[in-house]
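For reference, the chains in residue letters:
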Amino acid sequence: QLVESGGGLVQAGGSLTLSCTGSGGTFSTYDMGWFRQAPGKEREFVAAISRGGANTYYRVSVKGRFIISRDHAKNMVYLHMNSLKPEDTAVYYCNAGASSSFLQSGFGSWSWGQGTQVTVSS
């Protein structure tokens with residue numbers, strides 16, 4: 001089960017760090033990704049990190065502002081979000097995948113969690 005946390009209300013230009021953990025399973029054998037879904041829109045890929053952590057991937061609109069990281073010892077994945085914009089407002093989810101390309105296609109191998117709400121005010 002995936003559990004996301006760390007969301008909240010922040011002003012434009014602010015920062016938030018999201019966390020993701022998994023109960024009943026380990027992330028160490030998976031690439032991990034973050035996704036988001038804004039009201040009335042489909043869920044979209046945001047960022048991914050390879051299982052070793054050496055490679056990261058971002059959607060164009062967040063590149064240079066968001067950083068994905070992972071901690072194998074804690075079985076955690078993080079999304080550090082800086083210079084937030086109102087268009088970043090969404091529910092954010094994490095998930096695991098056999099490859100980052102799979103995640104970049106918008107898919108996840110685990111059941112989706114509840115997500116964490118991020119609201120950026122202008």
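Residues numbered from 1 in each chain as written. Predicted model: local features only at pLDDT ≥ 70, side-chain atom pairs only at ≥ 80, totals over all residues. Heavy atoms only, no water.

Draft legend 1. Region of the structure containing the pairing of strand 10 (residues 116–121). By the alternation rule, side chains of strand 10 split into T116, V118 and V120, which are all buried, and Q117, T119 and S121, of which none is buried. Across three bridges, the pairing between strand 9 (residues 90–97) and strand 10 is antiparallel. Looking across to strand 10, one finds that A90 is bridged to V118. (Buried < 20%, exposed > 50% of the residue type's maximum accessible area, 1.4 Å probe, protein only. Helix = DSSP H or I, 4+ residues; strand = E, 2+ residues; numbered from the N terminus. Pairing = 2+ DSSP bridges.)

Draft legend 2. Quick peek at the sheet that holds strand 8 (residues 76–81). Taking strand neighbours across the sheet as the criterion, the four strands line up as 1-3-8-7 in an open arrangement whose pairing is antiparallel. Each edge of the sheet is formed by a strand with only one pairing partner; in this case those strands are strand 1 (2–5) and strand 7 (66–71). On average, adjacent strands in this sheet sit at an angle of 15° to one another, irrespective of strand direction. The pairing of strand 1 with strand 3 (residues 16–22) spans four bridges and is antiparallel. Among the inter-strand pairings, V3 is bridged to a residue of strand 3, identified as T21. (Axes fitted to C-alpha atoms, helices over the stretch in contact; angles between N-to-C directions.)

Draft legend 3. Looking closely at the state of the cysteines. One pass over the full model with this rule turns up one disulfide. The partner cysteine of C20 in its disulfide is C94, sulfur to sulfur 1.8 Å. A torsion of 60° about the S-S bond marks the disulfide between C20 and C94 as right-handed. With C20 in strand 3 and C94 in strand 9, this residue pair connects regions lying 74 residues apart in the sequence. Judged on exposure class, the residue C20 and its partner C94 are both buried. (Disulfide = S-S within 2.5 Å.)

Draft legend 4. Quick look at the side chain of S50. The topology assignment puts S50 in the loop between strand 5 (44–49) and strand 6 (56–58). Given a relative accessible area of 11%, S50 falls into the buried group.

Draft legend 5. Expanded view of the packing of aromatic side chains. Per the stated rule, a full pass over the model turns up six aromatic pairs. Above the plane of the ring of Y93 lies R43, whose end atom (NZ or CZ) is 5.0 Å from the centre. When the ring centre of W112 is taken as reference, the NZ or CZ atom of R43 above it lies at 3.6 Å. (Phe/Tyr/Trp six-rings, centres within 6.5 Å; stacked < 30°, edge-to-face > 60°. Lys NZ or Arg CZ within 6 Å of the ring centre and 35° of its normal.)

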